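# Structure at a glance
In case you want the letters, here they are:
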Amino acid sequence: MKKNILILVVLTLLIVASCSLAPQQPSAPAPASGGGEAAGGSLSGDAAAIAQERSLSPDDITAALKTYLPTGVHDDYVIFASGGHSGQMLVIGVPSMRLLKLIAVFTPEPWQGWGYGAGNEVLDQGNVNGREVRWADTHHPALSETEVDYDGQFVFINDKANARVAVVDLRDFETKQIVKNPVAIMDHGGTMVTPNTEYIIEGGQYAAPLGWEYAPLSDYNDSYRGHVTFWKFDRDKGRIDQDNSFSIELPPYWQDLCDSGKLVSEGWIFCNSFNAERATGGVEKGEPPFEAGASQGDTDYMHIFDLNKAVATFKAGKTMDINDFPVISLQTAIDEGILYLTPEPKSPHGVDVTPDGNFLVVSGKLDPHVTVYSFDKIMSTIKAGQWDTDDYGVPVLALDDVKEASVEVGLGPLHSQFDNQGYAYTSLFLDSAVARWTLGGDFADKHPEEPWQLVSKISVHYNIGHLLTAEGDTVSPDGKYMVAMNKWAIDRFANVGPLLPQNFQLIDIDNTGENMQLLYDMPIGIGEPHYAQMIKYDKLSPWEVYPEIGWDPQEQAVSPNVVQQGEEKVVRNGNEVEVFMTAVRSHFSPEHVEIKEGDHVTWHITNVERAYDATHGFSIPAYNINLSLEPGEHITFEFDADQPGVFSYYCTEFCSALHLEMTGYLVIEPDGSSAMLDQ
Amino acid sequence: MIMMTSDKLQQIIGPRAPAEELAARRMRYMWPTLCMVGAAILIIISIFMPYWSLILHAPQYPKGLTVYAYVNHMEGDVAEIDGLNHYIGMRPLNEAAKFEKAISIFSIIALALLVLAAVFIHSPWSTLLTLPAVFLPPVFLADLFYWLNNFGQNLDPHAALSNAVKPFTPTILGEGIIGQFKTVAYADVGLLMASTASILILVGLYLQRRAYKPLVEQMNQPNQKETSSEQESANDE
């Protein structure tokens, strides 16, 4: 009898244990990606009917299949693109070509609260001589690199109009710093990075007296100068270290774009230029206009910098101060062997170093060739001391001594990028095409064709500027995709009035030879993007939410003013009022803030949420305040309560079912004395 | 009087197996010990494992929200679940079972020590020492049910969604539905270990009784002289 009871208890426990092994996720949604039957063979009846109804060719269908992403599936690559005049940066997925985000950089942007209570200090760093400059002509983003490969940590971008450089942290995709170049009013040849992001390169463009000074145009040759600036990057702090940065004074040749040497050519920097003629324009005075004057000569000058010598010279203090910024003078650069020139045909736009660092590709936009320079030949020519000098005494290496090859690619060649199959791709502005051509040297084994020859062209629509390939300026390009960044769209999209969007065209470059396929057109309707870079998505590791509650994105640390739930309060000290507020679905706390006209208000607000995507907005009407508070984020902002009245602050992100109820009253009582005066 | 107490104590502690008997049939006396020690170890380890877990599935939480209940604390998306619960007026999860959580570690270690003590008690009294540990899993579940029910039934009537979500009793094991959430509750590793320990204890008790019952009867009837082996074979039937 006892035995039977014992067995019964054992059985019962076994049943309990097995019940508790219930499936843990019986209703988990099926993963959206892959797993299904491989699509193969011919189109099914439905698909064929759709293709016929929409007049899709077999090429259209393959293009669609190569770019379509089912819901929930992520892109393989991410593009960081200049936002052009918007002053911002675009984040785009490849191959879907979907706009993922616009990162506020130089220009206020209400969705992110940028300039409306958040990021105001960063925007102020970009003030020019105390003047608020709140737009920018963003040109060339540069991803941070480790051993000449994108590391996914930071991205930099320059503002051509005002010679500024911004630092964006890719942990939260937010701008952390803007530096204004003290030497030059404007720039162009930035940003590019050295192999381990030791320096961010910012080259100049239109020559002017350095230090934002005045000089008449008649003094052009003597007083106008170009520059290249090397911003030291402090990776640990995630900031440009302005105290360890410097510039080099250059002849007034209108330097244009730069690239850093890599591997064998590490430590050397190359910049092209396009007005070695030193034309000064004046079409209204009967002088040749710039477009003609700057195009008279058959060649301009590629600039070759020995960065190691430049850094040594800077560290030795052999610099002059311009606006308290160290500048290596042109004469010092010559004397120390920092700067060399070599001719390049003709009015080129860009110089690009091949993935192995052995060759430099320059495209003279008024010459149908790309000219390829050998780094080895440049070095041996410099070592042999074979050079002439220009009017300023800068050594000029003979083109024949340093040239490796030239390849006729088509009309209006501009920029070049590379793939993993030994091909280079050059944008052809006048042809509205991209040329694929073969590299020589160690690349010759990678492709079936002869080295240094044109392989094929693909038409793009229209007037291409820059182009980019997947990780195409690193030591290990991925190939696969190329994007043509077209200036004109003309008939590619529905007409939306005379100001047309730009056209980013995705092109499949995975096959060798003549097979390149146009896949997708993406309209860009916010500015004229210039350059962009494409990084493998899995190299990025951004935060899902801020690491801790009370995170100050500017410091990348918990703010000393963090407000925890239960610690909300309003503190008055004279007419200084401090508000300590939390935001959580679906209320702000406190919901009443009662102050007086004339108070100076410092408002601390913490989003205490930890859930992915639980962002709250916070706006105060009439006071030009709107914040985006991502989960965990803390923001402190200030304002003068100079307008009495009743203001409903509210959440501007639809955060929850009770989002509309997420509001509160800011009640500003009129100043007693002014009320007296009114009577 | 002292003699009597001593006798009583002797009865509770039970007989020791004679040396020659131990040498001859070592495993017969070893198995109960192994079962009890194994159970005690499982119980101790279970302190560091979640006993019960709850996954909430809703469209806007593709990865689900999970709360792991340990004997003395909770982990997982507790803050988020509390945040959601405030809409229906449920109190924060950490306010539940404060007393139980406070004494849990101490109590469970005590349970395990009692099981270890039972190794040395060869009389039926050993059953009494191990019973608390045997009933740990059902007691845990009962207490969990009490608190789930208490929290589910006592919702703040002034909460935002109190019209939409009426007081309810959450599902303790298996699937349930609250608002847009599908809930899946299951016993987790800690509770499975404690349950396994319970089974081990019962098996150990059975083996212990099988081994020592003849000796106990021998002790109680010292005049009868029967071979233990005969006694045992009778017992086994």
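Rules behind the numbers
Residues numbered from 1 in each chain as written. Chains lettered and ligands numbered in written order. Predicted model: local features only at pLDDT ≥ 70, side-chain atom pairs only at ≥ 80, totals over all residues. Heavy atoms only, no water. Helix = DSSP H or I, 4+ residues; strand = E, 2+ residues; numbered from the N terminus. Buried < 20%, exposed > 50% of the residue type's maximum accessible area, 1.4 Å probe, protein only. Contact = heavy atoms within 4.5 Å. Pairing = 2+ DSSP bridges. Axes fitted to C-alpha atoms, helices over the stretch in contact; angles between N-to-C directions. Salt bridge = Lys/Arg side-chain N within 4 Å of Asp/Glu carboxyl O. 1 Å grid on protein atoms, 1.4 Å probe; cavity = no way out; pocket = protein on both sides within 12 Å on 5 of 7 lines; lining within 4 Å. Points joined across faces, edges and corners; volume = space filled by probe spheres on them. Nonpolar A, V, L, I, M, F, W, Y, C, P; charged D, E, K, R; others polar. Patch = residues over 30% accessible without salt bridge, like charges linked within 9 Å, V, L, I, M, F, W, Y side chains within 5 Å. Areas by Shrake-Rupley, 256 points an atom, 1.4 Å probe, with all protein chains shown as cover. Lys, Arg positive; Asp, Glu negative; His and termini not counted. Charge placed at Lys NZ, Arg CZ, Asp CG, Glu CD. Parallel < 35°, antiparallel > 145°, perpendicular 65-115°, else oblique. Left-handed = near helix turned anticlockwise from the far one by under 90°. Phe/Tyr/Trp six-rings, centres within 6.5 Å; stacked < 30°, edge-to-face > 60°. Lys NZ or Arg CZ within 6 Å of the ring centre and 35° of its normal. Expected span 1.5 Å × (residues − 1). Bend = angle between axes of the 7 residues up to and from the residue. Disulfide = S-S within 2.5 Å. pLDDT = per-residue confidence, 0-100. Core = buried A, V, L, I, M, F, W, Y, C linked by side-chain atoms within 4.5 Å.

### Re the overall build of chain A
- Along chain A, the regular secondary structure elements total eleven helices and 44 strands.
- Along the first, second and third principal axes, the C-alpha set of chain A runs to 100 × 85 × 60 Å.
- The buried share among the 679 residues of chain A stands at 57%.
- Put simply, 62% of the contacts in chain A that link residues at least 6 apart link residues at least 24 apart.

### A look at the sheet that holds strand E4 (residues 142-146) of chain A
All names here are of chain A.
- The strand order across the open sheet built from four strands is E4-E5-E6-E7, with neighbouring strands paired in antiparallel fashion. Two strands bound the open sheet, and with one partner strand each, they are E4 and strand E7 (174-180). Strand-to-strand, the axes of this sheet are offset by a mean angle of 30°, without reference to chain direction.
- In this sheet, strand E5 (residues 149-159) lies alongside E4 in antiparallel orientation, the contact comprising four bridges. Bridge assignment links Glu145 to a residue of E5, and that residue is Tyr150.

### Concerning the pattern of salt bridges
Residues and elements named next belong to chain A.
- The tally for this structure, following the rule as stated, stands at 25 salt bridges over all chains.
- A salt bridge links Glu528 to Lys487, with the shortest nitrogen-to-oxygen separation between them at 2.6 Å. Of this pair, Glu528 sits in the loop between strand E31 (517-524) and strand E32 (532-536) while Lys487 sits in the loop between strand E29 (479-486) and strand E30 (502-508), and the two are 41 residues apart along the sequence.
- Among the ionic contacts, a cluster of salt bridges with common partners joins Asp124, Glu132 and Arg134.

### Here we look at empty space enclosed by the protein
Residue and element names in this part refer to chain A.
- All chains considered together, the criterion is met by three cavities of 30 Å³ or more.
- The wall of the largest cavity is formed by 27 residues, among which Met192, Cys258, Asp259, Asp473 and Tyr531 lie closest to the centre.
- Every element with two or more residues in the lining of the largest cavity is listed here: E4, strand E8 (189-193), strand E12 (255-260), strand E18 (348-353), strand E24 (413-418) and strand E28 (464-470).
- Partitioning the lining of the largest cavity into residue classes produces twelve nonpolar, ten polar and five charged.

### Re the environment of Tyr520 of chain A
Residue and element names in this part refer to chain A.
- On the secondary structure map, Tyr520 appears in strand E31.
- Look at Tyr520 and you get partly exposed, because its relative accessible area is 34%.
- For Tyr520 and Thr67, which are 453 residues apart along the polypeptide, the C-alpha to C-alpha distance reads 7.5 Å.
- Contacts of Tyr520, omitting those with residues within four sequence positions, involve Thr67, Ser96, Met97, Phe504, Gln505 and Leu506.

### Things to note about unusual backbone geometry
All names here are of chain A.
- In this chain, His461 is followed by Tyr462 through a cis amide linkage whose omega measures -10°.
- Within the element layout of this structure, Tyr462 appears in the loop between strand E27 (454-459) and E28.
- With omega at 5°, the peptide bond leading from Ser589 into Pro590 counts as cis.
- Even without a glycine there, the phi angle at Arg278 is positive, about 55°.
- Note that Arg278 resides in the loop between strand E13 (268-273) and helix H6 (290-293).
- A residue is classified by how much of its surface remains accessible, and Arg278, at 17% relative accessible area, is buried.

### Some details on a nonpolar patch on the surface
All names here are of chain B.
- A cluster of nonpolar residues, Val37, Ile41, Ile44, Ile45, Phe48, Ile109, Leu113 and Leu116, forms a patch on the protein surface that exposes about 650 Å² of accessible area.
- Of all the secondary-structure elements, those providing two or more residues to the nonpolar patch are helix H3 (26-46) and helix H5 (98-118).
- The element contributing the most residues to the nonpolar patch is H3, with four residues.
- When you line up the elements, Leu116 lands in helix H5.

### Remarks on a negative patch on the surface
Residues and elements named next belong to chain A.
- A grouping of Glu121, Glu576, Glu578, Glu638, Asp640 and Asp642 is seen on the molecular surface, where their side chains present a negatively charged patch.
- Those elements giving two or more residues to the negative patch turn out to be strand E36 (576-584) and strand E42 (634-640).
- The residue Glu638 is located in strand E42 in this model.
- A residue is classified by how much of its surface remains accessible, and Glu638, at 53% relative accessible area, is exposed.

### Regarding the packing of H5 of chain B against helix H6 (residues 125-134) of chain B
All names here are of chain B.
- Running from amino to carboxyl end, H5 crosses H6 at an angle of 155°, the nearest separation of the two axes being 8 Å. With respect to each other, H5 and H6 are oriented roughly antiparallel. The crossing of H5 and H6 is left-handed. Here Leu111, Leu114, Val115, Ala117 and Ala118 of H5 lie close against H6, whose contacting residues are Ser126, Leu129, Thr130, Pro132 and Ala133.
- Of the residues contributing to the contact of H5 with H6, the split by class is eight nonpolar, two polar and no charged.

### Remarks on the packing of aromatic side chains
Residues and elements named next belong to chain A.
- By the definition in use, this model includes 38 aromatic pairs over all chains.
- Aromatic side chains Tyr199 and Phe230 sit 6.3 Å apart centroid to centroid with 85° between the ring planes, which places their arrangement in the edge-to-face category. Remark: Phe230 occurs in strand E10 (residues 226-234) and Tyr199 occurs in strand E9 (residues 199-203); sequence separation between them is 31 residues. In this structure, Tyr199 and Phe230 share a single accessibility class: buried.
- An aromatic cluster is built from Phe588, Trp603, Phe618, Tyr623, Phe637, Phe639, Phe647 and Tyr649, whose rings are joined through pairwise contacts.
- Here the basic side chain of Lys365 rests over the ring of Phe274, its NZ or CZ set 4.7 Å away from the ring centre.
- The ring of Phe580 is capped by Lys569, whose NZ or CZ atom sits 5.0 Å from the centre of that ring.

### Some thoughts on the sheet that holds strand E25 (residues 423-428) of chain A
Residue and element names in this part refer to chain A.
- Taken in spatial order, the four strands of this open sheet run E24-E25-E26-E27, and their pairing is antiparallel. One side of each edge strand has no neighbouring strand; the edge strands of this open sheet are E24 and E27. Neighbouring strand axes in the sheet, compared pairwise and without regard to direction, differ in orientation by 25° on average.
- As judged from the six bridges shared by E25 and strand E26 (residues 433-438), these two strands associate in the antiparallel manner. Each residue of the ladder has a partner; that of Ala424, found in E26, is Trp437.

### Comments concerning helix H8 (residues 189-220) of chain B
- For H8 of chain B, with 32 residues, the first-to-last C-alpha span of 44 Å sits near the 46 Å given by 1.5 Å per residue.
- The largest bend in H8 of chain B is about 45°, located at Tyr212 of chain B, with the proline Pro214 of chain B one to four residues further on.

### Let's talk about the state of the cysteines
Residues and elements named next belong to chain A.
- Scanning the entire structure with this criterion turns up one disulfide over all chains.
- In this structure Cys651 is not part of a disulfide, and its nearest cysteine sulfur, from Cys655, lies 4.0 Å away.
- On the basis of relative accessible area, Cys651 is assigned to the buried category, the value being 1%.
- Classification of Cys655 by relative accessible area gives buried; the value is 17%.

### Examining the confidence of the model for chain B
- Residues of chain B with pLDDT of at least 70 account for 92%, and the chain-wide mean is 89.
- Low pLDDT, under 50, characterises residues 225-237 of chain B; the predicted model gives this stretch 15 contacts beyond four residues in sequence or across chains.

### A short note on the nonpolar core
- Core analysis: the largest hydrophobic core is formed by 43 residues, its most contacted members being Tyr51, Trp52 and Ile201 of chain B.
- Take this core: its biggest share by element is seven residues, from H8 of chain B.
- If near-sequence neighbours (up to four positions away) are discounted, Ile201 of chain B is found in contact with Met36, Ala39, Ile43, Val115, Thr130, Ala133 and Val134 of chain B.
- Grouped together as the second largest cluster of nonpolar side chains are 30 residues, Val228, Ala276, Phe314 and Tyr392 of chain A included.

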